[in-house]
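Remarks on the overall topology
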Amino acid sequence: MTLGQARPATVVGATFLLAFVLVALLGPAVTSSPLVQNLDLVLAPPGGAHWLGTDENGRDLLAMVFHGARLALITAGSTVGICFVVGTLVGATAGYLGGWVDETLMRLVDVLLSFPGILLNLAIVALVQRPSVGFVIFALAINGWVGYARVARGQALAVREREYVQAARASGAGFARILLRHVVPSLLGPLIVQATFGFGGVILVEASLSFLGLGPAVPYSWGSLLAQGTSYLWRSSRLAAVPGAAIAVVVLGCNLLGDSLRDRLDPRGRTDR
Amino acid sequence: MSAGLAFALRRLLGALTAVIGVSLAVFALRHAVPGDPVDAMLGEQATEADRDDLRRCLDLDKSLLGQAGAFAADVGSGTLGMSCHYRRSTVMSLIAEVYPRTAELAVAAVALALVIALPLGIIASLRPGSWLDGLVMGTSLAGIAVPTMWLGPLLLAFFYVRLGWLPGPADPPSVAGALVLPAFTLATHLAAMLARMTRASLLDVANEDFIRTARAKGLSAVQVLRRHALPNALLPVVTVAGIQLGSLLAGAIVTEKIFARPGLGTLLLEALSVRDWKVVQGVVLVIAVSYVVVNLLVDLAYAALDPRIRVR
């Protein structure tokens, strides 16, 4: 498929995400430090040296949002990466081996799913006074992998009886080799779809934690920018509008791209029937 | 034993396992990370007597096994223990005070989400690919992407600050209309999801044989939709809405903070900020149990309505 044939939704979604990644990678280099305060220039409107104006401490809003983008990319990227690998291995192992291994692993998945996810994330980050970014990633990953495990297990169950897997087994290939070379590659389509939606989900949960004051201990995460902006809503809606729009754009991008990828990679879940 | 009873027992057993698993997790949480909660609650300047007192209240003077026993006794007695911050209040009495506020918010949000989503999903499914369908699908995508903690303040700024039409954080939660903005904020994401589900589900059902039969025997489009398509298509949608009721008990935390509403979330955040671990444990446990119970009821209701489920 060339770009000209892609659906508008796909192009828009991919553009949003590409813009986000570019801003996260390059943005911090082209803006000043998000922590520099200028108390002579408090709540300045957009213009001049501050394209998006300044916040209640005279900090440049654009710099804060750009640095927040990098933080969001690091957090969501790492969380999704960890969950993808752990969930795929757990799910593929359970589905391929079956029996008591499957039973045990899936019981663990059931327990984690029988619990509102954000509650667990919240309880874990609240254990420490000021969580580091790494700790937040840990808290998000602790139940984030179960979605991937369920998808991987369902797919692995289906492929383990296929001829090429049986052929590999008959030719004496070991468990790890069969799993990594033959089972996992055939699961990747639905898992990539899951990861695309999951990325947006992680962005939202991380922003919620930060909004509640339980996120990474930096003032420029999108959720904490939103929380600060909310308390100045009566004077200026800009401080809340900008980080809120940033979150919405990334999540929308993930959903648009996820929908199109699902239609291409995962025929079971087509939305346009 | 009948298939229905076996199904109910299996689900009940699953729910019990989940609640026990959650209790263990909640207890383990407190011990998972090093650091003295007494320091966090009282600060460095506290007197030794105060520290001992708090240590006793948190059961930290007991062995790990003793603490687990005390926790089990607290759960067993139904009090969930005494709060170490709001002395003289049991954790359960603190929870009972705010639980109805969160429950009414979650129920209102689910009801509102269904009221918004079902008509939109049905309209979109009638002419797939039309501009109306595109509009509904586009709006619902935006509804899924918009963060709750952004939508809430925007609604407040507009309807409370600027127009003054609806009550806001400064008004008591019992005043008429106080539920409107919080419920709408909490419902948006769910409504968007359900509208998409309704559409997809109706389009799925439209290809079924029984719909073709209904059409072939000369029923009008409205009759086919009302008598045959909707009952089949909406069952999964309403189920998801029911399951979401449990999640919304936890999801309400952000909404309650935005609107400064008393509730389980507000209580949890307060308890977290003063490290009142018994209250934290209690709230987490109560939300988890509510979630499990709601899911169990939805499962059983679904199985009662759709016999195909039980055999799977």
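Residues numbered from 1 in each chain as written. Chains lettered and ligands numbered in written order. Predicted model: local features only at pLDDT ≥ 70, side-chain atom pairs only at ≥ 80, totals over all residues. Heavy atoms only, no water.

**A short note on the overall build of chain A**
For chain A, the helix and strand inventory stands at ten helices and zero strands. Expressed along its principal axes, the backbone C-alpha trace of chain A runs to roughly 75 × 50 × 30 Å. Counting only residues that meet the buried cut, chain A has 52% of its 273 residues in that class. For chain A, the share of sequence-separated contacts (at least 6 apart) that also reach a separation of at least 24 residues comes to 71%. (Helix = DSSP H or I, 4+ residues; strand = E, 2+ residues; numbered from the N terminus. Buried < 20%, exposed > 50% of the residue type's maximum accessible area, 1.4 Å probe, protein only. Contact = heavy atoms within 4.5 Å.)

**Some details on the overall build of chain B**
Helices and strands together make up the secondary structure of chain B, namely 13 helices and zero strands. Sequence-ordered secondary structure for chain B, helices as α and strands as β, is α-α-α-α-α-α-α-α-α-α-α-α-α. Each principal axis of the C-alpha distribution contributes one length, and for chain B these read about 85 × 60 × 30 Å. Buried positions account for 46% of the 312 residues belonging to chain B. Long-range contacts, defined here as pairs at least 24 residues apart, represent 71% of the contacts in chain B between residues at least 6 apart.

**Section: the packing of aromatic side chains**
Per the stated rule, a full pass over the model turns up seven aromatic pairs over all chains. Taking 5.7 Å as the distance between ring centres and 40 degrees as the angle between the ring planes, the aromatic pair formed by Phe135 of chain A and Phe138 of chain A counts as tilted. Of the two residues, Phe135 of chain A and Phe138 of chain A are both situated in helix α5 (residues 133-159); the distance of three residues between them amounts to about one turn of the helix. We classify Phe135 of chain A as buried; its relative accessible area is 17%. Arranged with centres 6.2 Å apart and planes meeting at 45 degrees, the rings of Phe159 of chain B and Trp165 of chain B form a pair that is tilted. Using a relative accessible area of 62% as the deciding quantity, one classes Trp165 of chain B as exposed. A connected cluster of aromatic rings, assembled from ring pairs, spans Phe20, Phe199 and Trp222 of chain A. (Phe/Tyr/Trp six-rings, centres within 6.5 Å; stacked < 30°, edge-to-face > 60°.)

**Observations regarding the side chain of Thr198 of chain B**
Summarising the element assignment, Thr198 of chain B is placed in helix α8 (residues 180-206). Take Thr198 of chain B: its relative accessible area is 0%, and that puts it in the buried class.

**Details of the environment of Glu56 of chain A**
Summarising the element assignment, Glu56 of chain A is placed in the loop between α1 (8-30) and α2 (61-97). For Glu56 of chain A, the contacting residues outside a window of four places in its chain are Val42, Leu43, Gln228, Tyr232 and Leu239 of chain A.

**Points about the packing of helix α5 (residues 91-126) of chain B against helix α10 (residues 221-258) of chain B**
Residue and element names in this part refer to chain B. Where α5 contacts α10, the axes come no closer than 8 Å and their chain directions differ by 145 degrees. When the axes of α5 and α10 are compared, the crossing they make is right-handed. Taking contact as the criterion, the partners of Tyr99, Thr102, Ala103, Leu105, Ala106, Val107, Ala109, Val110, Leu114, Leu118, Ile122 and Leu126 in α5 are, on α10, Leu225, Leu230, Leu234, Val237, Ala241, Leu245, Leu248, Leu249, Ala252, Thr255 and Glu256. Here the residues of the contact of α5 with α10 sort into 20 nonpolar, two polar and one charged. (Axes fitted to C-alpha atoms, helices over the stretch in contact; angles between N-to-C directions. Left-handed = near helix turned anticlockwise from the far one by under 90°. Nonpolar A, V, L, I, M, F, W, Y, C, P; charged D, E, K, R; others polar.)

**Re the pattern of salt bridges**
If the charged atoms of two oppositely charged side chains come close together, the side chains can form a pair. A complete count under the given rule lists ten salt bridges over all chains for this structure. A salt bridge links Glu103 of chain A to Arg107 of chain A; its shortest N-O distance comes to 3.7 Å. On the criterion of helical spacing, the pair formed by Glu103 of chain A and Arg107 of chain A is a turn pair, its members being four residues apart in helix α3 (residues 99-113). Residue Arg160 of chain A pairs with Glu161 of chain A through a salt bridge whose shortest N-O separation is 3.4 Å. Residue classification places Arg160 of chain A among the partly exposed positions, given a relative accessible area of 22%. Residues joined by salt bridges that share partners form a network here, namely Asp259 and Arg262 of chain A together with Arg196 of chain B. (Salt bridge = Lys/Arg side-chain N within 4 Å of Asp/Glu carboxyl O.)

**Considering the domain arrangement of chain B**
Residues and elements named next belong to chain B. Domains assigned within chain B are domain 1 (3-77) and domain 2 (91-311). Counting from both sides, the interface comprises 24 residues of domain 1 and, opposite them, 17 residues of domain 2. Roughly 1,700 Å² is buried in total at the junction of domain 1 and domain 2, and carbon and sulfur atoms are behind 77% of that figure. At the boundary of domain 1 and domain 2, one finds one salt bridge. Residue Asp74 pairs with Lys278 through a salt bridge whose shortest N-O separation is 3.6 Å. Across the domain 1-domain 2 interface, the total number found is one residue pair in polar contact (both at pLDDT 80 or more). Elements represented by at least two residues in the side of domain 1 that touches domain 2 include exactly α1 (3-32), α2 (37-42) and α4 (64-77). Per-element accounting of the side of domain 1 that touches domain 2 gives the leading share, 15 residues, to α1. For the side of domain 1 that touches domain 2, the per-class residue count stands at 17 nonpolar, two polar and five charged. (Domains from an automatic or database assignment. Buried area = accessible area lost by both parts, 1.4 Å probe. Polar contact = N/O pair within 3.5 Å; in protein donor to acceptor, adjacent residues only side chain to side chain.)

**Overview of the environment of Pro262 of chain B**
Residues and elements named next belong to chain B. Looking at the element boundaries, Pro262 is found in the loop between α10 and α11 (264-273). Counting along the chain gives 161 residues from Pro262 to Arg101, while the straight-line C-alpha distance between them is 6.8 Å. The contact partners of Pro262, leaving out residues within four places of it in the chain, are Val98, Arg101, Pro173 and Glu256.

**Structural notes on the side chain of Thr75 of chain A**
As for its position among the elements, Thr75 of chain A is in helix α2. If we skip the residues at most four places from it in the chain, Thr75 of chain A touches Val133, Val136, Ile137, Leu140 and Glu206 of chain A.

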